[in-house]
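Below, each chain spelled out in residue letters.
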Amino acid sequence: MIYDATTRIAEAALCLRARLGGSRALRERLVCTGAPGPAAIWLHAASVGELTSARVVIEALAARHPLTVTTNSETGRALAQDWGLPARLAPLDLPGALARFLDAARPALAITVEGEFWPLRSRLLAERGIRQAMIGARMSERSAGTWARFPRIIGPMLGRVAALSAQDQGSEARLLNLGLPHRALLPRLDLKLLAPAAQPVPPDSAARDRVILAASTHEGEDGPVLNAFAALRDARPDLRLILAPRHPDRGDAIAALIAARGLSFVRRSAGADDAPPGGVLLADTLGEMARWYARAGICIIGGSLQDHGGHTPWEPAAHGCALIHGPHVGNFVEAFDALDGHGAARPAGDLTATLSRLTDTPDEARAMGRAARAVLVDRAGDPAALIARLDDLARAPGGPDIGII
């Protein structure tokens, strides 16, 4: 094969480079140093994002089996090590590097998180009787179009997969079309939503009913939010607003906007923890959004009132917030379609009128929050069935349950 010949030439050149003073990372990826210990499962994730999204599954498997983690980045490796897991940089898709890695690790199961297709890795795993699985698998339309031009490469790789849980319906359909066998399918699982779905829901309360959160706002969004709040406050002086800008360094400019409207306010950066009645808490700090989601019954999604594509609705949904968004949700079209369709979110429209309705009818806002949480949990999926199947594959004796293609 051309790929085999090319990889052997590339490996010879890289080994020479490593001997002549190549980086430690290169030597690790060539498995020239620090071979892994034996492990029942080899789990590979590209970097920090993929590891973080799959943490629930990874920790469940690590509690059951010896497991080694590989990543393509040093930050990913460090994160896995911080979790107490054996971790190293992944072997390159080269025959010698893979052979040295597999000789040392001798896994029964190789799991890939989200997506990465390496022809040589796939074939060598099958030749050694090592089962292959993918979790949270993604395949965009663009990637599917590219792979469709190479059916003799992608078809055999997908045909060797013993178990696959797709992230969404579209990815699942595209993977099946490219050659994934139906028997390999597991229930869909959106790894990135597992942690939010496990988040405890704050209890309904009159205090939450009276708090509106504008989350991760951008320039041009704070003014309309403040105008709507000021109009509401005249009739409902007990309402409070938490305004959390996407970039806290805009704090001074936002403080000026608040003062210009005659609203009382305090700043989180100055140590305040709650808005005064009828006033605003300017949450001009980083890393505290979960705190504000838990306080508010209604959440306005920033980045959607102005054209920034919108921000994730899933974190406020996890906390049972009623969701309000502007027209610019291009980054999360499918998510907002689902939330709108289930009565969990609604377009801002006339923001003052929308907020007035929800603050005047708290039962309606609470119902929206419960619906948002339900949509989140449904889309995240239940990892129990996936973990059980992977557990079976790691424990099963003998070679793979499929042949080498």
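Residues numbered from 1 in each chain as written. Predicted model: local features only at pLDDT ≥ 70, side-chain atom pairs only at ≥ 80, totals over all residues. Heavy atoms only, no water.

Is there a simple way to explain the overall build of the chain in this structure?
Helix and strand counts for the chain stand at 20 helices and 13 strands. Overall, the C-alpha framework of the chain stretches about 75 × 45 × 40 Å when taken along its three principal axes. In the chain, which comprises 405 residues, the proportion classed as buried is 53%. Summarising the internal contacts of the chain: among those between residues at least 6 apart in sequence, 67% fall at separations of at least 24. Total accessible area on the chain is roughly 17500 Å²; 55% of this is exposed by carbon and sulfur atoms. The centroid of the 45 positive side-chain charges in the chain is displaced by 7 Å from the centroid of its 43 negative side-chain charges. (Helix = DSSP H or I, 4+ residues; strand = E, 2+ residues; numbered from the N terminus. Buried < 20%, exposed > 50% of the residue type's maximum accessible area, 1.4 Å probe, protein only. Contact = heavy atoms within 4.5 Å. Areas by Shrake-Rupley, 256 points an atom, 1.4 Å probe, with all protein chains shown as cover. Lys, Arg positive; Asp, Glu negative; His and termini not counted. Charge placed at Lys NZ, Arg CZ, Asp CG, Glu CD.)

What should I look at first to understand the pairing of strand β4 (residues 109–113) in this one?
Looking down a regular strand, the side chains alternate between one sheet face and the other. Most of β4 sits out of view: five of its five residues are buried. Burial along β4 is two-sided: Leu109, Ile111 and Val113 facing one way and Ala110 and Thr112 facing the other are all buried. The sheet contact formed by strand β1 (residues 41–44) and β4 spans four bridges and is parallel. Looking across to β4, one finds that Trp42 is bridged to Ala110. (Pairing = 2+ DSSP bridges.)

Would you take a moment to explain the sheet that holds strand β9 (residues 265–267) for this structure?
What holds strands together in a sheet is hydrogen bonding between their backbones, with the strands either parallel or antiparallel. Pairing is parallel in the open sheet, where seven strands are placed in the order β9-β10-β8-β7-β11-β12-β13. Among the strands making up the open sheet, the edge pair consists of β9 and β13 (345–347). Sheet twist, expressed as the average angle between the axes of neighbouring strands with direction ignored, equals 20°. One ladder, built from four bridges, connects strand β7 (residues 211–217) with strand β11 (residues 298–301); its direction is parallel. Each residue of the ladder has a partner; that of Ala214, found in β11, is Ile300. (Axes fitted to C-alpha atoms, helices over the stretch in contact; angles between N-to-C directions.)

Honestly, the pattern of salt bridges in this entry has me stumped. Any pointers?
Pairing between side chains of opposite charge can happen when their charged atoms approach one another. Considering all chains together, one arrives at 26 salt bridges under this definition. Residue Arg366 pairs with Asp209 through a salt bridge whose shortest N-O separation is 2.7 Å. Here the residue Arg366 occupies a position in helix α19 (residues 362–380), and Asp209 occupies one in helix α12 (residues 206–209), the gap between them amounting to 157 residues. Taking relative accessible area as the criterion, Arg366 reaches 24% and is therefore assigned partly exposed. (Salt bridge = Lys/Arg side-chain N within 4 Å of Asp/Glu carboxyl O.)

Any chance you could explain the packing of aromatic side chains here in plain terms?
Aromatic rings considered in pairs are described by the distance between their centres and by the relative angle of their planes. Taken as a whole, this structure holds two aromatic pairs when the rule is applied. Residues Trp42 and Phe101 carry aromatic rings whose centres are separated by 4.5 Å and whose planes lie at 50° to one another, so their mutual orientation is tilted. Separated by 59 residues along the polypeptide, Trp42 in strand β1 and Phe101 in helix α6 (residues 95–105) bring together distant segments of the chain. Both residues of the pair, Trp42 and Phe101, count as buried. Ring geometry for Phe117 against Trp147: centres 6.0 Å apart, planes inclined by 75°, an arrangement best described as edge-to-face. (Phe/Tyr/Trp six-rings, centres within 6.5 Å; stacked < 30°, edge-to-face > 60°.)

Even after reading the chapter, I still don't get helix α14 (residues 251–260), so can you show me in this structure?
The periodicity of an α-helix, 3.6 residues per turn, causes residues three or four places apart in sequence to face the same way. The set of residues buried in α14 consists of Gly251, Ile254, Ala255 and Ile258. Down the axis of α14, the smallest arc covering the buried residues is 105°, so these residues share one side. Of the residues in α14, the exposed ones pointing more than 90 degrees away from the buried face are Asp252 and Ala260. Those residues of α14 hidden inside the fold are in contact with α13 (222–235), β8 (240–245), β9 and β10 (280–282). Among the residues trailing α14, Gly262 stands out with phi positive, at a value near 70°. (Arc of directions from axis to C-beta.)

Hey, could you run me through the pairing of β7 in this one?
β7 sits mainly inside the fold: seven of its seven residues count as buried. Taken together, the six bridges between β7 and β8 define a ladder with parallel strand orientation. Bridging from a neighbouring strand, Thr217 pairs with Pro245 of β8. In this region the chain leaves β7, passes through α13 and returns to the parallel neighbour β8; the handedness of that crossover is right-handed. (Right-handed = clockwise from strand over helix to strand, strands pointing away.)

Explain the environment of Ala206 here, please?
Relative to the elements of secondary structure, Ala206 occurs in helix α12. Exposure remark for Ala206: the relative accessible area of 41% places this residue in the partly exposed category.

Can you walk me through helix α9 (residues 151–159) in this structure?
When α9 is considered as a whole, its buried residues turn out to be Ile154, Gly155, Pro156, Met157, Leu158 and Gly159. As for α9, its buried residues are in contact with α7 (119–127), α8 (141–148), β6 (161–166) and α10 (169–178).

Would you mind going over the side chain of Glu221 with me for this structure?
Examined against the element boundaries, Glu221 turns out to sit in the loop between β7 and α13. There is no salt bridge for the buried Glu221, and the closest opposite charge comes from Arg250, which lies 6.3 Å off by N-O distance. Polar contacts involving the side chain of Glu221 include one to the main-chain amide nitrogen of Gly303, which spans 2.9 Å. Reaching out from Glu221, the side chain makes a polar contact with the backbone nitrogen of Leu305 at a distance of 2.9 Å. (Polar contact = N/O pair within 3.5 Å; in protein donor to acceptor, adjacent residues only side chain to side chain.)

What is the right way to read the sheet that holds strand β2 (residues 67–71) from this model?
Within the open sheet, the six strands sit side by side as β3-β2-β1-β4-β5-β6. Their pairing is parallel. Either end of the sheet is taken by a strand with one partner, and the two such strands are β3 (87–89) and β6. Sheet twist, expressed as the mean angle between neighbouring strand axes with direction ignored, is 20°.

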